[in-house]
Structure formats: C-alpha cells, structure tokens
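# Geometric and topological summary
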Amino acid sequence: MRIGVLGAASIAWRRVLPAMAACPDIDVVAVAARDMGRARRFADRFGCAAVAGYQPLLERADIDAVYVPLPAALHHAWAARALRAGKHVLVEKPMAGSAEEARELVTLATRAGLVLRENFMFLHHPRHDAVESLLRSGRIGELRSLHAALCIPPLPAEDIRYVPELGGGALLDAGVYPLRTAMRFLGRGLRVAGATLRTRAADGLDLSGQVLLAADSGVQASLEFGFEHAYAARYALWGSRARLTTEHAFSPAADQRPALLLEEQGGTERIDLPAADQYLRCVADFASAVRTEGASDGPDEACRRADAVTTLELADRIRACAVRVEVAG
Ligand SMILES: NC(=O)c1ccc[n+]([C@@H]2O[C@H](COP(=O)([O-])OP(=O)(O)OC[C@H]3O[C@@H](n4cnc5c(N)ncnc54)[C@H](OP(=O)(O)O)[C@@H]3O)[C@@H](O)[C@H]2O)c1
C-alpha cells in the first residue's frame, strides 16, 4: 500500500510513521505540510517525498491511501477530499467533529468502495481480548460496572487541543478513549445518564469531564478524562466476584508487558501478558484491508465505521446534556 500523509504532526512522527516504516506492506510515499521545512524534516527521516500543501498530495497518482493526523476539526474536510480523490483513508481519532460529519464520511467511503478507518490504535492491543476472555470465563462474575479514565497533565499553551476552532477540548481528544473502552466491552447501545464538563471561562473549551453511561444489559459505566490531572490511562471491569484493572491501557510502548490485576475476596492475582506493538498491528491491519478485494464492503469495515459514528453520537449527547462548571484556565 502506497500512502501519503497530510500534516507533519507529532503523532505521525512519534508513533504512526515509524510503525508504517516498519511494516513491509506499507510504502510511505510522501508527507505534505503547510510549511515545506516541516515536510522536509519528515521526508529526510522516512525517505519519502516532501509536498507543500495538502491538496497537491491528494492529486498524486502514486498514492493509494492517505493518513490524516490533522486537528479534529479538519478531519472531516480532508478525509472527504481524500475519499473524493479516490484514496483510502486512515484518519486520526475522532473520525470527525460530530456524528453528522462522520456519517457523511461513511457515506462517501461506502459509495466509492474505499476503506475508511479511524486510527484508534489501542483497540489493536491483544490485552483487551485477554480481558474479554476472563470476563467470558466468569472470573469476574456478573459484570456490574466499568470504570475508564484517560487524564493527562496540562499541555503547552499553544497546543491544538486548546483551540476551539480546531476541535480542541478534552472530550474529543481524551474522552473518546474511555468512551471507546465502554463500547469495546458493553457494545454500542449505551445511554448517556449524565455528564459534567469543567470548561475554560474565557471560551467554554472543555478541560476535563466525567460521564455516566448505562448499557441495555444494566451494566453502568463511569468515565473520566481531561488535560488537568496527574497522568492516568486505565480501566476496570467490576463484577460480582472480582474486579479486573489494567493500567497504561491506551498508549503502551511496543515492548511494554501489560498486567491485569484481579482483585478477589481472598487476594489479588497479577496476570502478566506478552508485549505487543499496537501501532504496527493497527497500520498493518489497515494495509491488509486496503489490499483485500471488496474489504470495504464487508461486515468488518461496516462495524468499524458504525463504531466511529456511535462514538461521536455519544460525544454529541454528552455535549448536549453536560452540566458545565466554569474554571479559570
Ligand atoms: N491515535 C493516537 O494515539 C493519537 C495520539 C495523539 C494525537 N492523535 C490525534 O492526531 C491528531 C494530531 O495530533 P498531534 O498531537 O500530532 O498534533 P500536532 O503535532 O499539533 O499536529 C497537527 C498537525 O495539523 C496540521 N495543521 C493543519 N492546520 C492546522 C492549523 N490551523 N493549526 C495547527 N495545525 C494545523 C499541522 O500540519 P503542518 O505540518 O501542515 O503544519 C500539524 O502537523 C489529532 O487529531 C489528535 O487527536 C492521535
């Protein structure tokens, strides 16, 4: 798969392009940036072409697919342009700024028979399958609740996440991880029971928040996210017999061995799992879908697209119902 990159973004530099470079099925052909100097820095490291501006990259005939690591508010516009140019698309999370925008992208991709994926890399780590197996085996008992959090300390003031016009805010950036965790274990039929957002007094940008969800099964979920806490990236499944917790759940290093902690009445068991490179697995899986004839019409892709839309439907509902508390910031 020959891929082009729209934006010399930090996540592309740190995680995604190294993974693509390590994947034998992917050829990184070009990186486009608004500033040619930024594009050249990437081109030098990854041995590809540097392109000035995003549109010229989409016009290249030597590219099958496009990776879009732009600020959230630009995902819809550039993913749509890429799909209209006949390119498969791997777009950063969240797929768009709202469910309506995500549905439009899904319609475009479906009509064109192109693969459209959201780059939620943590979902490609096999630890979550191990958690699911324990859940199904009955070790936790009857599942009662799920708790998930992604909180990070404050970012540099100029970060894109602090710019409302670029789709900044903690819910779309960090909150989508616990949301997606809840969907991973409880399915798509989640109702938003309540939410709070701590918002910046100057412009209403959400700095952190909490959400309560209820699944049709009766299982409840509580989620926390934000840019104003000590770091935590964890989730727990709490059942009638035990509670299972895993830390560093969203961005583990490729050589990090994840642990599951099972707390039962009689004590705590630690289960160490093998390390896995979720970044490589994610991009390799995308390349495989692009190479597979008719994959874009299959049930797997339809399921992934529906998950991306549901995530944003939940985010839309949270924004609509949240109690906002203004804070300085
Ligand atoms: N999947 C993950 O694990 C993960 C982790 C972190 C971030 N992300 C996602 O990746 C995306 C980028 O995040 P990042 O941390 O890499 O951000 P970043 O370093 O600030 O990169 C943003 C990119 O957007 C481009 N851009 C275009 N218009 C812009 C504008 N008006 N203002 C600022 N930048 C503009 C810039 O490209 P030029 O090079 O053209 O200037 C820049 O390279 C976000 O959607 C974020 O949610 C995903």
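For clarity, every value in this text was computed on a predicted model and none was experimentally measured. Throughout, residues of each chain are indexed from 1 in the direction in which the sequence is written. Two thresholds apply to this predicted model, a pLDDT of at least 70 for residue-level local features and 80 or more for giving and counting side-chain atom pairs, whereas whole-chain, interface and lining totals are computed over all residues. Side-chain descriptors were evaluated using all non-hydrogen atoms of the structure, hydrogens and water having been removed beforehand.

Moving on, we get to helix α2 (residues 36–46). Note on classification: 1.4 Å probe, protein chains only; a residue is buried when its accessible area is under 20% of the maximum for its type, exposed when over 50%, partly exposed between these limits. Starting at the N terminus, helices and strands are each numbered in turn, a helix being any DSSP run of H or I of at least four residues and a strand any DSSP run of E of at least two. The set of residues buried in α2 consists of A39, F42, A43 and F46. Taken end-on, α2 shows its buried residues confined to a sector of 100°, consistent with a single buried face. Where α2 is buried, its residues meet α1 (10–22), β2 (27–33) and β3 (49–52). One or two residues past the end of α2 sits G47, with phi positive at roughly 60°. Starting at the helix axis, one direction is taken to each C-beta atom, and the arc is that of these directions. Whether two residues touch is decided by their heavy atoms; if any such pair falls within 4.5 Å, the residues are in contact.

What follows covers the side chain of R200. Residue position: R200 is located in strand β8 (residues 190–200). In this view, R200 contacts Y162, P164, L205, L207, V327 and G329; residues no more than four positions away in its chain are not counted.

Next up on the list: the nonpolar core. Joining through side-chain atoms within 4.5 Å is the link that ties buried Ala, Val, Leu, Ile, Met, Phe, Trp, Tyr and Cys residues into a set, and such a set is a nonpolar core. Counting residues in hydrophobic clusters, the biggest one holds 84 residues, and the most contacted among them are L6, L57, M95, L116, L146, L213 and L223. Looking at which element gives the most residues to this core, the answer is helix α7 (residues 170–186), with 11 residues. An automatic or database domain assignment supplies the residue ranges for each domain. Of the domains in this structure, domain 1 (2–122) and domain 2 (123–279 + 313–327) are the two that each give at least three residues to this core. Apart from residues no more than four positions distant in its own chain, L223 is found in contact with L146, A148, P178, L179, A182, G209, Q210, V211 and L213.

UniProt feature "domain: Gfo/Idh/MocA-like oxidoreductase N-terminal" (unreviewed entry): in the numbering of this structure it lies at residues 1–119. Structurally, residues 1–119 is divided into 47% helix and 24% strand, and its ends, taken at the C-alpha atoms, are 16 Å apart. UniProt positions are given in the numbering used here, feature names are shortened, and annotations may be inferred rather than shown by experiment.

A separate point is the pattern of salt bridges. Any carboxyl oxygen of Asp or Glu that lies within 4 Å of a side-chain nitrogen of Lys or Arg is treated as forming a salt bridge with it. Enumeration over the complete set of coordinates arrives at 27 salt bridges. When the shortest N-O distance is used, the salt bridge between R184 and D129 registers 2.8 Å. In this pair, R184 is assigned in helix α7 and D129 in helix α6 (residues 127–137), connecting sequence segments 55 residues apart. Overall, R184 belongs to the partly exposed group, its relative accessible area being 23%. Residue class for D129 comes out partly exposed when judged on its relative accessible area of 43%. Through salt bridges that share partners, R117, D285, D300, E301 and R304 make up one connected network.

Like-charged residues are merged into a patch within 9 Å and nonpolar side chains (Val, Leu, Ile, Met, Phe, Trp, Tyr) within 5 Å, provided each residue has over 30% relative accessible area and no salt bridge. Areas reported here follow the Shrake-Rupley algorithm with a probe of radius 1.4 Å; residue values treat only the protein chains shown as occluding. The convention is simple: Lys and Arg are positive, Asp and Glu are negative, and His and the chain ends are not counted. For this purpose, a charge sits on NZ of Lys, CZ of Arg, CG of Asp or CD of Glu. Taken together, the side chains of R34, R38, R41 and R45 present a region of like positive charge at the surface. With respect to the helices and strands, the residue R38 is situated in helix α2. For R38, a relative accessible area of 44% puts it in the partly exposed group.

Taken together, 23 residues lie near the ligand, and A8, S10, R34, Y54 and R161 sit nearest. In the environment of the ligand, a nitrogen atom lies 2.9 Å from a nitrogen or oxygen atom belonging to the side chain of E92. One of the side-chain nitrogen or oxygen atoms of D173 is found 3.4 Å away from an oxygen atom of the ligand. Burial of the ligand by the protein chains amounts to 83% of its free accessible area of 900 Å². Elements represented by at least two residues in the shell around the ligand include exactly α1, α4 (72–84) and α7. Its residues assigned to classes, the shell around the ligand shows 13 nonpolar, 4 polar and 6 charged. Nearness is defined per residue: one heavy atom within 4 Å of the molecule or strand is enough. Any N or O atom pair separated by 3.5 Å or less is treated as a polar contact, with the protein-specific requirement of one donor-capable and one acceptor-capable atom, and with residues adjacent in sequence counted only for side-chain atom pairs. Residues are grouped as follows: nonpolar covers Ala, Val, Leu, Ile, Met, Phe, Trp, Tyr, Cys and Pro; charged covers Asp, Glu, Lys and Arg; every other residue, Gly included, is treated as polar.

So, on to the sheet that holds strand β6 (residues 116–119). Overall, parallel pairing links the 6 strands, which are arranged β3-β2-β1-β4-β5-β6 in an open sheet. Two strands close off the open sheet at either side, each with one partner strand: β3 and β6. Going across the sheet, the axis of each strand differs from the next one's by a mean of 20°, ignoring polarity. Of the pairings in the sheet, the one linking strand β4 (residues 65–68) to strand β5 (residues 88–92) comprises 4 bridges and is parallel in character. Along β5, the bridge assignment pairs A65 with H88. At least two DSSP bridges between two strands are required for those strands to pair. What counts as an axis is a line fitted to C-alpha atoms, over the stretch in contact for a helix, and the angles between N-to-C directions run from 0 to 180 degrees.

Next up on the list: the sheet that holds strand β15 (residues 323–327). If you trace the 9 strands from one edge of the open sheet to the other, you get β14-β13-β12-β11-β7-β10-β9-β8-β15, paired in mixed fashion. Strands with a single pairing partner mark the edges of an open sheet, and in this sheet they are β14 (267–272) and β15. The sheet shows a mean angle of 15° between the axes of neighbouring strands, taken without regard to direction. Note that strand β7 (residues 143–151) and strand β11 (residues 232–239) share 8 bridges and pair antiparallel. Within β11, the position partnered with S145 by the bridge is W238.

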